[in-house]
Every structure is written in structure tokens, then in C-alpha cells.
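Take a look at the letters that make up each chain.
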Amino acid sequence: MKKLKIQGGHSLRGEIHISGSKNAALSIIAASIMTEERIVLENIPHLEDVTTMIRLIAGMGVSVTLADDNKLILDSSKIRNFLAPYDLVKTMRASILVLGPLIARFGEASVSLPGGCAIGARPVNLHLDGLKAMGADVEINEGYICAKAKKLKGAHFSFSPVSVTGTANLMMAGVMAEGQTILENAATEPEVINLGEFLLKMGAKIKGLGTRKIMIDGVNKLCSTEHKIIPDRIETGTFLVAAAMTKGSVLLKKTQPEHLQSVLDLLRQTGAVIFFEEDTIELTMNLTNIKPADFTTQPYPGIPTDMQAQLMVLNAIAPGNSIVVETIFENRFMHVLELQRMGADISLSGNTAYITGVKKLQSAPVMATDLRASAALVLAGLVADGETHIDRIYHIDRGYECIESKLSLLGAKVARIET
Ligand code: EPZ
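Residues numbered from 1 in each chain as written. Predicted model: local features only at pLDDT ≥ 70, side-chain atom pairs only at ≥ 80, totals over all residues. Heavy atoms only, no water.

Visitor: Describe in detail the sheet that holds strand β18 (residues 295-296), supporting the description with residues and values.
Guide: Spatially, 4 strands are ordered β18-β19-β21-β20 in an open sheet, and the strand pairing comes out mixed. The sheet is open, and its two edges are formed by β18 and β20 (345-349), each paired on a single side. On the sheet, helix α10 (residues 308-316) packs against β18, β19 (321-325), β20 and β21 (352-356) and is oriented at approximately 30° with respect to β21. (Pairing = 2+ DSSP bridges. Helix = DSSP H or I, 4+ residues; strand = E, 2+ residues; numbered from the N terminus. Contact = heavy atoms within 4.5 Å. Axes fitted to C-alpha atoms, helices over the stretch in contact; angles between N-to-C directions.)

Next up, the structure:
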């Protein structure tokens, strides 16, 4: 079993490049199957989830070429089936992002229902209700979403609650539907905007990207284009928290500061000194005592739920009390149990965590439960006394490109070990 071994107590100093956004790459790779013409995608991150999405569309008959370092060349002219099988979907719920593209272009899709998930029930009712509103016949047969539509028709659909991949799926479905689709209470995440910009370059007609109301006029065909994936704002935030916790000073390059303003503002509240330019962010933490900062997770542009676990660990070593409220997922405190084993003083009541900062976390053997919880354990290991071993690190590899190499470049003592 692969583990990460981390020797705590080293400040992070230096500079690294941020990789392309996992969540933008997943929806944009899915959208690429909507045209039979050549698609070139740049700044693709090397992540398990991206590999899974590539395997998924390759299984349909898409030819995928990895060129240079982070460039994908895709040819969906010979798609021969419209299936997203359970053995792939169970490893990555974002597989559902092929549903809209398949129905939009081919009029049918058979996509396994995503299985359970550590952070919550994560239903897909909004995806299905939206497609039904657009005239698709949608049935659930033996764990598969079986959807058919001669030609999708534009619909007026409102999300409750805001759904990131729900917005992505229905936007992709709408761009080739007959007539106009209006999505209300739509997600405004940068990844959704990056997807929308990709679709526009393919010839889609979309207005209102980045607002809660997206209006789409369907077109018959989408065409070849090239597109660059935006930087990963959650990877960026994770390394900024690591630098703040270890009282270091890092320069992150190839990132996009405007995509995580809420996180930068919160980190400034903890005492971090932050400068940023167009595609770089520099963070220095000089304070002896980091200041705790209360926060509540919100849809963009609020504090992202994907940063909740990481920011909680920062509060866990900040002298004083803080409160963290998770409003997006109902079970996204799995990391708390493991942090408590490392000496963190955190108590839970419903969707609220009450934290009292401790002087030092202790190293301990811990287990990753989901992608961002595992990142939080890595951060805890960076500041804990002694050597921390993190098990089930396949969770980390789903969303962080070579995390131990990037951390080592910044002076952390971290290694991947086989046990
Ligand atoms: C996306 O998940 C991200 N994944 C998640 O990132 C992220 O945490 C989440 O958005 C919130 O920002 C990808 O983009 C691949 P939602 P998604 O639909 O789209 C409820 C990571 O760490 N809901 O925005 O699945 C849902 O239960 C991952 O990179 C319904 O009720 O999340 C949740 O409470 C983890 N019905 C809320 O909406 C639906 O049909 C927001 O979920 C869909 C969602």
C-alpha cells in the first residue's frame, strides 16, 4: 500500500508552478466529444481523475493523444458507443459530465449512476430534471441513467441548490438543443466559465457566463478549436495554506489570483502577507502566532468547500477559537476525526466545527478519506512533531499533480513509500 511519509517542522520556501484545474479539465474534456472535429486542449494536469475521464471517452471510441507535456489532442469522429460504465464511474463521479454531451450530439446516453461518496449523498436529480425539462426520456435501469432524446428542446430551468456539474451538464446539453435554454441560479465558478468559453470557441451561443442566469441559443454543430485550461485555484489555495502554516514564504506561478480572492482575504486575516500579479501569488507568514479566522463555505465567489479542510487545519494551530461552517455538503468533516488523532482540538455540531488552536499537532498514522481531507492531513503532517504516515493516498493523486515533488521543491521533507 502506498503511503506518504512527512517529517514535520520545515518552513516552506521557494517557488512552484500551479497545474491546470482538475474540475475545468474534466468538464472540458467531456465537452470535446460534442464535435467530430479536432480539439486541442492545453495545460491539462496529470491527475488520476483526468486519466479516468480520458479512459472513459476512449472507451466510447474517442482517439486521445497526449502531446508535449500537458496537451491533449482529441478526435471524436468515430464514437461507437454512448456508455459510461460503472467500473469507471464508481471511481470518479464527475463521469456524469458526459451525459449532457452525449445526449446533445447523439440523442442517447447510458451513464452509470455515481456511487456513494464520503462527503455526502451527492444526488444528481438536478442533472436529470433539467434534461427531462429539455424533452429527454430519462429512466434508471439497473443502476444506469438511460436517456434518449430525438432532439433536445431549449428549456427554462432553475437550480436549487446551485450545482457546479449540474450547470456544466445542462449548459452542454443546451448548446445543441433547439431554441433557447435559460439556466437560473447557475454556478459561477471559474471552471464553469472556462467550460463556457470553450463552448463559445466551438461555435456555441451563450450569454451570462459568470452570472446566475445563463442564456443559450442552440446551434446544430460545434467545430474544432484549441483551448487552455485555467489554473487550479484549489491547488493554489492548498499550497498557500501550507506556506502560512509552516511560517514560510512561497511564490506560486502560472496561477490566477482573481479566482480565489475570498481565500486570499481570509489568509490575510490570519496574518499572512500576500502580494499578487497577473499570474503569480506570493505569500509570507512572519507572525509567531497565526490568527484564527472564522469562515463559512459558499458557492463561488465565497470560500470554496474544496478549501474547507485545508483552512480548518490552519485554524487548528492558530492560538484562539474559530468556527467553520460547511454549507455545501452534509458530511464534509471526515478529516476532523483524523486531525483529532493528531491532537487537534475540534468539536462538531451538525455542519459547524468549533476549533481551539493548539501549540503543536502530533504526528500519527492517519488515513485519507476523500481528496481534500487527504490534502488537509498532508498540511497537518507538515507542522506536526515527528513523522506522519498518511494511508490511502490514491485520494490525493486524484486531484494533486506530484504533490510530494512540489512540496519537496519548497523544502518539505515528504516521500512516497510502499508498505
Ligand atoms: C463540484 O462537484 C466539484 N467537482 C466538487 O469538487 C466541488 O466540491 C463541488 O462542485 C462544489 O463546489 C467537480 O467539478 C468535478 P454540486 P458537484 O453539484 O458538481 C447538491 C473536488 O474536491 N446537488 O455543486 O458534484 C449537492 O448534494 C470536488 O474537486 C443536488 O442536490 O457539486 C451539494 O449539496 C469534490 N442535486 C450541492 O448541490 C444535484 O443534482 C452542490 O453540489 C446536484 C447537486
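From this point on, the discussion continues.
Visitor: Explain the pattern of salt bridges to me, using residue names and the numbers behind them.
Guide: Enumeration over the complete set of coordinates arrives at 14 salt bridges. Across the pair R268 and D265 runs a salt bridge whose closest N-O atoms are separated by 3.9 Å. Of the two residues, R268 and D265 both sit in helix α9 (residues 261-269), 3 residues apart, roughly one turn of that helix. Residue D265 is classed as partly exposed on the basis of its relative accessible area of 39%. One salt bridge in this structure joins D306 and R332, with 2.7 Å as the shortest N-O distance. Within this pair, whereas D306 is found in the loop between β18 and α10, its partner R332 is found in the loop between β19 and α11 (334-341), the two being separated by 26 residues in sequence. You can call R332 buried: its relative accessible area is 8%. Several salt bridges share partner residues, and in doing so they unite K22, D49 and R398 into one network. (Salt bridge = Lys/Arg side-chain N within 4 Å of Asp/Glu carboxyl O. Buried < 20%, exposed > 50% of the residue type's maximum accessible area, 1.4 Å probe, protein only.)

Visitor: Tell me what's going on with the site of the ligand, and back it up with residues and numbers.
Guide: Close contacts around the ligand come from 21 residues, with N125, S163, T165, D306 and I328 the closest. Here a nitrogen atom of the ligand and a side-chain polar atom of N125 are 2.7 Å apart. With respect to the ligand, the side chain of S163 contributes an N or O atom lying 2.7 Å from an oxygen atom. Alone, the ligand offers 820 Å² of accessible surface; in the complex the protein occludes 86% of this. Among the secondary structure elements, those contributing two or more residues to the shell around the ligand are α1 (22-31), α5 (125-133), α6 (164-174) and α12 (371-383). Among the elements that line the shell around the ligand, the one with the most residues is α5, at 3 residues. Grouping the amino acids of the shell around the ligand by side-chain chemistry returns 10 nonpolar, 6 polar and 5 charged. (Near = heavy atom within 4 Å. Polar contact = N/O pair within 3.5 Å; in protein donor to acceptor, adjacent residues only side chain to side chain. Areas by Shrake-Rupley, 256 points an atom, 1.4 Å probe, with all protein chains shown as cover. Nonpolar A, V, L, I, M, F, W, Y, C, P; charged D, E, K, R; others polar.)

Visitor: How would you explain the sheet that holds strand β8 (residues 137-141) if you had to name every residue and give the values?
Guide: Pairing between sheet strands relies on hydrogen bonds along the backbone, with the strands arranged either parallel or antiparallel. On the basis of which strands lie adjacent, the open sheet formed by 4 strands has the order β6-β7-β9-β8 and mixed pairing. Each end of this open sheet is capped by a strand with a single partner; those strands are β6 (83-84) and β8. As defined by bridge partners, β6 adjoins strand β7 (residues 108-112) across 2 bridges and the pair is classed as parallel. In the strand pairing of β7, L83 is matched with S110. Together, β7 and β9 (144-148) form the strand contacts of helix α4 (residues 99-106), whose direction differs from that of β7 by roughly 160°.

Visitor: Account for the packing of aromatic side chains, naming residues and giving values.
Guide: Given two aromatic rings, their pairing is described by the distance between the two centres and the angle made by the two planes. Within this structure, the stated rule accounts for 2 aromatic pairs. Here the aromatic rings of F157 and F159 are separated by 5.1 Å at their centres, their planes lie at 85°, and the arrangement is edge-to-face. Residue class for F157 comes out buried when judged on its relative accessible area of 11%. The class of F159 is buried, set by a relative accessible area of 1%. (Phe/Tyr/Trp six-rings, centres within 6.5 Å; stacked < 30°, edge-to-face > 60°.)

Visitor: Would you mind going over empty space enclosed by the protein in detail, with residue names and values included?
Guide: Over the atoms rolls a probe the size of a water molecule, and its path tells where empty space is left. Applying the stated rule across the entire model yields 2 cavities of 30 Å³ or more. Taken as a whole, the largest cavity encloses approximately 50 Å³ of empty space. The wall of the largest cavity is formed by S21, K22, N23, E191, D232, R233, I234, D306 and R372. For the lining of the largest cavity, the elements supplying multiple residues, two or more each, are α1 and α8 (233-245). Its residues assigned to classes, the lining of the largest cavity shows 1 nonpolar, 2 polar and 6 charged. What the second largest cavity holds in volume is close to 30 Å³. Considering the residues around the second largest cavity, the lining is formed by T238, F239, A242, A375, V378, L379, I403 and L407. Those elements giving two or more residues to the lining of the second largest cavity turn out to be α8, α12 and α14 (403-409). Looking at the lining of the second largest cavity residue by residue, the class counts come to 7 nonpolar, 1 polar and no charged. (1 Å grid on protein atoms, 1.4 Å probe; cavity = no way out; pocket = protein on both sides within 12 Å on 5 of 7 lines; lining within 4 Å. Points joined across faces, edges and corners; volume = space filled by probe spheres on them.)

Visitor: Break down the environment of S32 for me, with residues and values.
Guide: The topology assignment puts S32 in the loop between α1 and β3 (39-42). A C-alpha to C-alpha distance of 9.4 Å links S32 and T225, two positions 193 residues apart in sequence. Not counting the four nearest positions on each side in its chain, S32 is found in contact with I39, L74, S76 and F198.

Visitor: Explain the environment of Q340 residue by residue, including any values.
Guide: Among the secondary structure elements, Q340 is positioned in helix α11. On the accessibility criterion, Q340 (33% relative accessible area) is partly exposed. Once the C-alpha coordinates of Q340 and A121 are considered, the two residues, 219 residues apart in sequence, prove to be 24 Å apart.

Visitor: Summarise the pairing of β7; cite the residues concerned and give the values.
Guide: Where β7 and β9 come together, 5 bridges link them in antiparallel fashion. When the bridges of β9 are listed, E108 appears paired with K148.

Visitor: Can you lay out unusual backbone geometry for me, pointing to particular residues and giving the numbers?
Guide: Trans peptide bonds make up most of the peptide bonds, and negative phi angles are found at most residues other than glycine. A cis amide bond, omega 10°, links S160 with the succeeding residue P161. Residue position: P161 is located in the loop between β10 (156-158) and α6. P301 follows Y300 through a cis peptide bond whose omega is 10°. Mapped onto the elements, P301 comes out in the loop between β18 and α10.

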